[in-house]
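Each chain, written out:
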Amino acid sequence: MRASAIALVVGGRLEGGTDPDLTGAAPLDHAAPTDLTLLSSPRYAPDAEGTAAGAILVSEELSARVRAGLPRIVVSDVHGALALLLPHLYPPQTTQAGLHPTAVLEPGVSIGDSVSIGAHAVVGAGTRIGDRAVIGHHAVIGSLCRIDADAYLHPHVTLYAGVAVGERSILHAGVRAGVDGFGYSHQDGRHVKVPQVGRCTIGADVEIGANTCIDRGSIGSTIIGAGCKIDNLVHIAHNVRLGEHCIVIAQVGIAGSTRAGRYVTFGGQAGINGHITIGDGATIAAQAGVFGDVEAGETVSGYPARPHREALKAQAGLFRLPALMKRLRTLEHALLGKDRTEP
Amino acid sequence: MRASAIALVVGGRLEGGTDPDLTGAAPLDHAAPTDLTLLSSPRYAPDAEGTAAGAILVSEELSARVRAGLPRIVVSDVHGALALLLPHLYPPQTTQAGLHPTAVLEPGVSIGDSVSIGAHAVVGAGTRIGDRAVIGHHAVIGSLCRIDADAYLHPHVTLYAGVAVGERSILHAGVRAGVDGFGYSHQDGRHVKVPQVGRCTIGADVEIGANTCIDRGSIGSTIIGAGCKIDNLVHIAHNVRLGEHCIVIAQVGIAGSTRAGRYVTFGGQAGINGHITIGDGATIAAQAGVFGDVEAGETVSGYPARPHREALKAQAGLFRLPALMKRLRTLEHALLGKDRTEP
Amino acid sequence: MRASAIALVVGGRLEGGTDPDLTGAAPLDHAAPTDLTLLSSPRYAPDAEGTAAGAILVSEELSARVRAGLPRIVVSDVHGALALLLPHLYPPQTTQAGLHPTAVLEPGVSIGDSVSIGAHAVVGAGTRIGDRAVIGHHAVIGSLCRIDADAYLHPHVTLYAGVAVGERSILHAGVRAGVDGFGYSHQDGRHVKVPQVGRCTIGADVEIGANTCIDRGSIGSTIIGAGCKIDNLVHIAHNVRLGEHCIVIAQVGIAGSTRAGRYVTFGGQAGINGHITIGDGATIAAQAGVFGDVEAGETVSGYPARPHREALKAQAGLFRLPALMKRLRTLEHALLGKDRTEP
């Protein structure tokens, strides 16, 4: 693909005189002369010096940091441009439609047009699969599930009975959805399992990372709103409801019955207590431990989580404690005329 | 099921005049007129106003918060009542006994009565499976394992060689048990694997959540006591021993050789160092980082974990630091007659 | 195996008069008279009193804590000795070479000598498998992967397309490698997936724990250096590069594009922000939250992570806050002649 064609696709400006042919994209320090590379942060500007790439995608601000002679495509948003470009450079592979002879279909399965069902996959009784959906090798789909058109299940996914997956949603390897929630009644010193009879509903355009677990509702439903993006190894407990377009970074845990609005961001490894309400557009910082409701638009961090400004101030204070103690001792000496021993 | 019959099953008192027929249970805001709903916390009382449910299960204290005209079943413990009721409303599905034709059994497998072995499951040489046990689709059971009567392995479980699973225990999808522990000897700048030759023994009535990993012992055994309930995505390292009836919430990590007594509760995402002893009935708060022994009955929280009372006091102090600094400056000004610059 | 032969293998000194025959190794409190046991920490010395073991492996320093009459093998490094010994006591099981009849091989797979491919495994088009490699039951290997000689994939591993696994590397059950990274471009209120077209390269002599997830590069590569040892349930995001011989304890999360040098240790549940550089030999303490670069050789801990010494001092100060406040009140009383109310 010519650099000039790339500039056209991403709405950028080609500079540098030549118009090389590029076959791939690669980072600054790994690029070959047939690769387009990119520079989007001053942090990596030093790497731009020695890159072997054939051309560079760069923001207006950093354009001057590119060495003379390297053809550049100047854009306002490098990552947005890359997202537009990549499907052209790397056309998505289409999975061949068809039912692998080793797949096992229980009775009453309904299958749309151009569906692909992989090797050794198992599809439970009464499950419906929409047009062009892909069921990866070794996926195990319970009974009475609903997998909508263009959904893509990677290998080794498990859906328990009755799970719904929306159109175009992507489930990565090892996702478990519709798992029994963690519910027990305590009787005579034993934890007695409370049957988990609710549902698990995943909206359209959701992506769920590898080995992430989503419990079914206890009696109600666990609901993942349309457009949510969930990373690897996340835990979502029973009855949780996420609004549309939430972002959930890796290893987050959300306890039972918590409800988040739309466009909530959960930073990596954050833990959210059960029965909490989180407003639209709130941000939970990485590793935060959230024990109370969070207002719409608010950013919270730390343990226990507090408004981020307040948490930062407290953290800063923590590291000034030794100096503070010294000042206190000076005062005590001046006023009380003696050295106090530290407690 | 008539409301009056439900009241009988849960030992509750039916009030409200009518006796509707109910076919399911659902939360306040999702219930239909054929559903029983429930109210167990004042937090959700406002939702009780508009519920479309046909009847409500409610505690004595909250009974007055239910709108007139809605038939109510009044009990002392709503969740306990629900646990009793659900198996009546939703009779558990029985898995058909039998060996799926695609399952692979290595030589010397012994199988009890009415066992179910799912599609594509693999059972290793010399493994014994007790009566009525269910081996889910795609489970891979190593050689010389022992799966006791009525155990239930969901799809995609992996047992390494020699793992024992007690009666009635439930392993959810993606559980890995008997995994090699993380043990290396450091020689000439390399980490050399120490063979992990111990065992992994899971007691009776244990439940283990999806994608949870339990290592085998290095030379001894990793032991999960009877009645323990373990949530999703938990890591239990080699040689750990959990006493009976422990509760381990999602994403907890317990490092090697740590021993917990009976009825210990591990809050979500807590991390426990290796070679630690935790006494009976102790509680580890969510996200705690535990680096030392914990006494029986004690509650610890924070990082590094301390007795909960002490940790709360320290946390509270942290957020009073800005005010404290202001007071210190006032004193300095009064006493030393000058403004000190912050360090 | 005679105790005298064991002493020879581990380069130790047999003391105690007799030379028992030993068939296994077991911890102090679980050992039988045919077992060798071991004592390497004073913490467990009390257990040495009552052990039923036939002999004990013990360090010079703790040798005196062993009861008279129990044959002992005295060494300088008990765990190193055990690592040397175990392959003799427990010869590793060799997996029978061959292709299980239920395995599925797509076209153009190349297979070395003495390879084992387990039941129901699926190997994608164009993948090359080196000599003596083991592909466990139910592994799903994408197209164009490269699995080098003597690599060992346990059951239920998923490799996405184009993943490379080095010689002698071990992947435990449920590992997902080459997963799409978490990359979206935000357009008109939607998160639009950025194609993840990079690679995932795992060096030689790497071990990866159960259910660990390693993303492929976005356009570059995610690289795990030779000799790295990674525990269970770890998350490694796109474009991360780990140098040789790093140690990554369970449940660590490393965000995108972070680069670590050689011999870096990541403590359990630590979280590392993206685009960070960590120098050779650095140590990240358990549960740390790392938001900035870490110098070579440095140890950091806490949230946000700071040099460990500084973090410890701050933590200590935190628990002295109540006493500090009392001292401040005393000063205020003496100087200002009044009792201030706490803010």
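Residues numbered from 1 in each chain as written. Chains lettered and ligands numbered in written order. Predicted model: local features only at pLDDT ≥ 70, side-chain atom pairs only at ≥ 80, totals over all residues.

## A short note on the overall build of chain A
1) Next: Across its full length, chain A holds five helices and 38 strands.
2) Next: Referenced to the eigenvectors of the C-alpha coordinate spread, the extents of chain A come out at roughly 90 × 80 × 30 Å.
3) Next: Per-residue burial for chain A yields a buried fraction of 57% across its 343 residues.
4) Next: Across chain A, every contact between residues at least 6 apart in sequence was considered, and the portion connecting residues at least 24 apart equals 20%. (Helix = DSSP H or I, 4+ residues; strand = E, 2+ residues; numbered from the N terminus. Buried ≥ 20, exposed ≤ 12 C-beta atoms within 10 Å, placed from the backbone. Contact = placed C-beta atoms within 7 Å.)

## Details of the nonpolar core
1) Next: If you look at the biggest cluster of nonpolar residues, it comprises 223 residues, and the most contacted ones within it are Ile 135 and Ile 284 of chain A, Ile 135 and Ile 284 of chain B together with Ile 135 and Ile 284 of chain C.
2) Next: Among residues more than four places away in sequence, those in contact with Ile 284 of chain B are Thr 265, Phe 266, Gly 267, Ala 270, Ile 272, Val 290, Val 300 and Ala 305 of chain B. (Core = buried A, V, L, I, M, F, W, Y, C linked by C-beta atoms within 7 Å.)

## Some details on the sheet that holds strand β24 (residues 213-215) of chain B
1) Next: With respect to topology, ten strands assemble into an open sheet ordered β7-β10-β13-β16-β19-β24-β27-β30-β33-β36 (chain B), the strand pairing being parallel. The strands lining the two open edges of the sheet, one partner per strand, are β7 (104-105) and β36 (289-290) of chain B. (Pairing = 2+ DSSP bridges.)

## Comments concerning the interface of chain B and chain C
1) Next: The interface of chain B with chain C comprises 51 residues on the first partner and 53 residues on the second.
2) Next: When residues in the side of chain B that touches chain C are grouped by element, the largest group, seven residues, is from helix α5 (residues 321-336) of chain B.
3) Next: In terms of residue class, the side of chain B that touches chain C is made up of 25 nonpolar, 18 polar and eight charged. (Nonpolar A, V, L, I, M, F, W, Y, C, P; charged D, E, K, R; others polar.)

## Examining unusual backbone geometry
Residues and elements named next belong to chain A.
1) Next: Cis geometry is found at the peptide bond from Tyr 303 to Pro 304, where omega equals -15°.
2) Next: Tracing the sequence through the fold places Pro 304 in the loop between β37 (299-301) and β38 (306-307).
3) Next: Backbone geometry at Ser 114 places phi at a positive 55°, although glycine is not the residue there.
4) Next: Turning to its location among the elements, Ser 114 is positioned in the loop between β8 (110-111) and β9 (116-117).
5) Next: On the neighbour-count criterion, Ser 114 (16 C-beta atoms within 10 Å) is partly exposed.

## Comments concerning the relation of the copies chain A and chain C
1) Next: For these two chains of identical sequence, chain A goes onto chain C by a turn of 120° and a shift of 0.0 Å along the axis, with RMSD 0.1 Å. Both chain copies can therefore be described as sitting about a three-fold axis. (Least-squares fit on C-alpha atoms with pLDDT ≥ 70 in both.)

## Here's the deal with the sheet that holds β37 of chain A
Residue and element names in this part refer to chain A.
1) Next: Pairing in this open sheet of twelve strands is mixed, and the strands run β6-β9-β12-β15-β18-β23-β26-β29-β32-β35-β37-β38 from one edge to the other. Taken across any chain shown, the strands that pair with only one partner, and hence form the sheet edges, are β6 (98-99) and β38.
2) Next: Bridge count between strand β35 (residues 283-284) and β37: two bridges; the pairing is parallel. Residue Ile 284 lies in a different strand from β37, and its bridge partner there is Val 300.

## Describing the pairing of strand β21 (residues 190-193) of chain A
Residues and elements named next belong to chain A.
1) Next: Pairing of strand β20 (residues 184-187) with β21, which is carried by four bridges, proceeds in the antiparallel orientation. Paired with Ser 185 across the bridge in β21 is Val 192.
2) Next: Counted between consecutive antiparallel strands, the loop separating β20 from β21 contains two residues, among which Asp 188 sits at a positive phi close to 50°.

## Quick word on the packing of helix α1 (residues 3-10) of chain C against helix α3 (residues 78-89) of chain C
Residue and element names in this part refer to chain C.
1) Next: The contact between α1 and α3 brings their axes to 9 Å, and the two run at 125°. Looking at the two axes, α1 sits oblique to α3. Relative to α3, the crossing made by α1 is right-handed. Counting all contacts with α1, which are made through Ile 6, Val 9 and Val 10, the residues of α3 involved are Ala 81, Leu 84, Leu 85 and His 88.
2) Next: For the contact of α1 with α3, the residue count by class is six nonpolar, one polar and no charged. (Axes fitted to C-alpha atoms, helices over the stretch in contact; angles between N-to-C directions. Parallel < 35°, antiparallel > 145°, perpendicular 65-115°, else oblique. Left-handed = near helix turned anticlockwise from the far one by under 90°.)

## Here's the deal with the interface of chain A and chain C
1) Next: Between chain A and chain C, the contact holds 53 residues from the first and 52 residues from the second.
2) Next: Those elements giving two or more residues to the side of chain A that touches chain C turn out to be α3 (78-89), α4 (308-319) and α5 (321-336) of chain A.
3) Next: The element that contributes the greatest number of residues to the side of chain A that touches chain C is α5 of chain A, accounting for eight residues.
4) Next: Among the residues forming the side of chain A that touches chain C, the class breakdown is 27 nonpolar, 20 polar and six charged.

## Re the pairing of strand β22 (residues 199-202) of chain B
Residues and elements named next belong to chain B.
1) Next: One ladder, built from two bridges, connects strand β17 (residues 164-165) with β22; its direction is parallel. Residue pairing across strands places Val 165 opposite Ile 202, the latter belonging to β22.
2) Next: Two strands pair when backbone bridges link them, and β22 and strand β25 (residues 221-224) are joined in this way by four bridges, in the parallel orientation. Opposite Cys 200, over in β25, you have Thr 222 as the bridge partner.

## A few points about α3 of chain A
1) Next: Look at α3 of chain A: 16 Å from first C-alpha to last across twelve residues, which is about the 16 Å you get at 1.5 Å a residue.
2) Next: Of the residues making up α3 of chain A, those classed as buried are Val 78, Ala 81, Leu 82, Ala 83, Leu 84, Leu 85 and Leu 86 of chain A. (Expected span 1.5 Å × (residues − 1).)

## Describing α4 of chain A
Residue and element names in this part refer to chain A.
1) Next: For α4, spanning twelve residues, the distance from its first C-alpha to its last is 17 Å, which sits close to the expected 16 Å at 1.5 Å a residue.
2) Next: Those residues of α4 not exposed but buried are Ala 311, Gly 317 and Leu 318. Along the axis of α4, the buried positions cluster into a sector of 125°, meaning they face one direction only. Facing away from the buried side of α4 by over 90 degrees, the exposed positions are Arg 309 and Ala 316. (Arc of directions from axis to C-beta.)

## Thoughts on the domain arrangement of chain A
1) Next: We note that the domain assignment places domain 1 (3-89) and domain 2 (98-309) within chain A.
2) Next: Centre-to-centre, using C-alpha coordinates, domain 1 of chain A lies 37 Å away from domain 2 of chain A. (Domains from an automatic or database assignment.)

## What to know about the environment of Asp 113 of chain B
All names here are of chain B.
1) Next: Tracing the chain through its elements places Asp 113 in the loop between β8 (110-111) and β9 (116-117).
2) Next: Placed 70 residues apart in sequence, Asp 113 and Arg 43 show a C-alpha to C-alpha distance of 48 Å.
3) Next: Those residues within four positions of Asp 113 in sequence are excluded, and the remaining contacts are Asp 131 and Arg 132.

## Overview of the confidence of the model for chain A
Low-confidence regions, as indicated by low pLDDT, have predicted coordinates that should not be scrutinised in detail.
1) Next: Confidence in the prediction for chain A averages 94 pLDDT; 98% of positions are at 70 or higher.
2) Next: Here the predicted complex carries an ipTM of 0.93, next to a pTM of 0.95. (pLDDT = per-residue confidence, 0-100.)

## As for the environment of Asn 211 of chain C
1) Next: Within the element layout of this structure, Asn 211 of chain C appears in the loop between β23 (207-208) and β24 (213-215).
2) Next: Separated by 194 residues in sequence, Asn 211 of chain C and Gly 17 of chain C have C-alpha atoms that sit 48 Å apart.

## Some thoughts on the packing of α5 of chain A against helix α5 (residues 321-336) of chain C
1) Next: Contact geometry of α5 of chain A with α5 of chain C gives a least axis separation of 11 Å together with a crossing angle of 35°. The hand of the α5 of chain A/α5 of chain C crossing is left-handed. Between α5 of chain A and α5 of chain C, the residues in contact are Met 325, Leu 328, Leu 331, Glu 332, Leu 335 and Leu 336 of chain A and Leu 324, Arg 327, Leu 328, Leu 331, Ala 334 and Leu 335 of chain C, respectively.
2) Next: The residue makeup of the contact of α5 of chain A with α5 of chain C, split by class, is ten nonpolar, no polar and two charged.

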